[in-house]
Amino acid sequence: MAEQLTGLADDRALLGRTSTAERVADILRSRIAEGFFLPGTRLSEDGIGGALGVSRNTLREAFRLLTHERLLVHELNRGVFVRVLAVEDVEDIHRTRALVECAVVRALGEPPYMLDGLTEAVAQGRRAVAEDDWKALGTANIRFHRELVALAGSARTDELMRGVFAELRLAFHVVDDPQRLHEPYLERNEEILRALETGDREGAERLLGVYLADSLERVVDAYQRRMDAE
């Protein structure tokens, strides 16, 4: 925990002079997504509050916000913990992704589409592979899908899926072979991007539907094997 708290102290400057629970929640959400606090980790009010320089009430409100987002769980008489997903949670996350992401592509309208974000996410993924950084590749893959959702131009949809993708990262953090989990999807991201670049919206939706079905199977299999081993 000492190393994590030292890292949080570095984030203190992000709070500025008007610290709010939302800003604290943003920092902790990012740290959870990065695997800084792994699933099952107990979050110390005193340690985190001291590292960030915020009051106990502010921190508790941030914890409440992240509990509402299903990233944290409060256990009576034990404290607040980073949530450990069940297989059923992983399945539900992918159902939500399929409903939203495919609907976004289906509703794109006529090309050309604003694809700069998707292009950069693919490039980020290529850089991660070149560096054998499989955790970074997972981040790039999620960025690709966030950029895909952003094509809808809906702040509400972006906010909804931000929480869904953050939950998905909780599953990633307990998988013991991130290369096997993430590497196949870089090429598939590129296929979806190429379809959209040519204006083939229906083709992109078909690719995305198969992608998400395969991703669900792969994540559940990897996740279940890790859970069974513990």
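Residues numbered from 1 in each chain as written. Predicted model: local features only at pLDDT ≥ 70, side-chain atom pairs only at ≥ 80, totals over all residues. Heavy atoms only, no water.

### A look at the sheet that holds strand β2 (residues 72-75)
In spatial order, the strands read β1-β3-β2; together these 3 strands make up an open sheet with antiparallel pairing. Only two strands of the sheet have a single partner each, and these edge strands are β1 (42-43) and β2. With 2 bridges connecting them, β1 and strand β3 (residues 79-82) associate as antiparallel partners. Pairing of R42 across the sheet is with F81, part of β3. (Pairing = 2+ DSSP bridges. Helix = DSSP H or I, 4+ residues; strand = E, 2+ residues; numbered from the N terminus.)

### Regarding the pattern of salt bridges
Evaluation of the coordinates by the stated rule reveals 19 salt bridges. Here R56 ties to D46 by a salt bridge, and the two come within 2.6 Å at their closest N and O atoms. With a gap of 10 residues between them, R56 in helix α4 (residues 56-68) and D46 in helix α3 (residues 45-52) connect regions that are remote in the sequence. Its relative accessible area of 55% is what places D46 among the exposed residues. Salt-bridge contacts for E167 lead to R70; the nearest nitrogen and oxygen are separated by 3.4 Å. Of this pair, E167 sits in helix α8 (residues 155-172) while R70 sits in the loop between α4 and β2, and the two are 97 residues apart along the sequence. Take E167: its relative accessible area is 9%, and that puts it in the buried class. R70 sits in the partly exposed class, given a relative accessible area of 39%. Here the residues in one salt-bridge network are E45, D46, R56 and R60, joined through shared partners. (Salt bridge = Lys/Arg side-chain N within 4 Å of Asp/Glu carboxyl O. Buried < 20%, exposed > 50% of the residue type's maximum accessible area, 1.4 Å probe, protein only.)

### As for the layout of surface pockets
Reported here for the largest pocket is a volume of approximately 440 Å³. Lining the largest pocket are 19 residues, and of these A33, I142, R146, R162 and F165 lie nearest its centre. Counting residues per element, the ones that place at least two in the lining of the largest pocket are α2 (21-33), α7 (134-150) and α8. Considering only residue class, the lining of the largest pocket consists of 7 nonpolar, 3 polar and 9 charged. (1 Å grid on protein atoms, 1.4 Å probe; cavity = no way out; pocket = protein on both sides within 12 Å on 5 of 7 lines; lining within 4 Å. Points joined across faces, edges and corners; volume = space filled by probe spheres on them. Nonpolar A, V, L, I, M, F, W, Y, C, P; charged D, E, K, R; others polar.)

### Regarding a negative patch on the surface
A contiguous patch of negative charge, built from E131, D132, D133 and E183, is present on the exposed surface. Relative to the helices and strands, D132 resides in the loop between α6 (116-130) and α7. (Patch = residues over 30% accessible without salt bridge, like charges linked within 9 Å, V, L, I, M, F, W, Y side chains within 5 Å. Areas by Shrake-Rupley, 256 points an atom, 1.4 Å probe, with all protein chains shown as cover. Lys, Arg positive; Asp, Glu negative; His and termini not counted. Charge placed at Lys NZ, Arg CZ, Asp CG, Glu CD.)

### Things to note about the packing of α6 against α7
It is at 8 Å that the axes of α6 and α7 come closest, and there the two elements cross at 170 degrees. One finds that α6 runs roughly antiparallel with respect to α7. Contact with α6, carried on its side by G117, L118, E120, A121, V122, Q124, G125, A128 and V129, involves W134, A136, L137, T139, A140, R143, F144, E147 and L148 of α7 and no other residues of that element. Among the residues forming the contact of α6 with α7, the class breakdown is 11 nonpolar, 4 polar and 3 charged. (Axes fitted to C-alpha atoms, helices over the stretch in contact; angles between N-to-C directions. Parallel < 35°, antiparallel > 145°, perpendicular 65-115°, else oblique. Contact = heavy atoms within 4.5 Å.)

### Observations concerning the packing of aromatic side chains
Applying the stated criterion across every chain yields a total of 2 aromatic pairs. Seen in terms of ring centroids, Y185 and Y211 are 4.9 Å apart; in terms of plane orientation they differ by 50 degrees. Their pairing is tilted. Of the two residues, Y185 is situated in helix α10 (residues 184-197) and Y211 in helix α11 (residues 201-229); the sequence distance between them amounts to 26 residues. In this structure, Y185 and Y211 share a single accessibility class: buried. (Phe/Tyr/Trp six-rings, centres within 6.5 Å; stacked < 30°, edge-to-face > 60°.)

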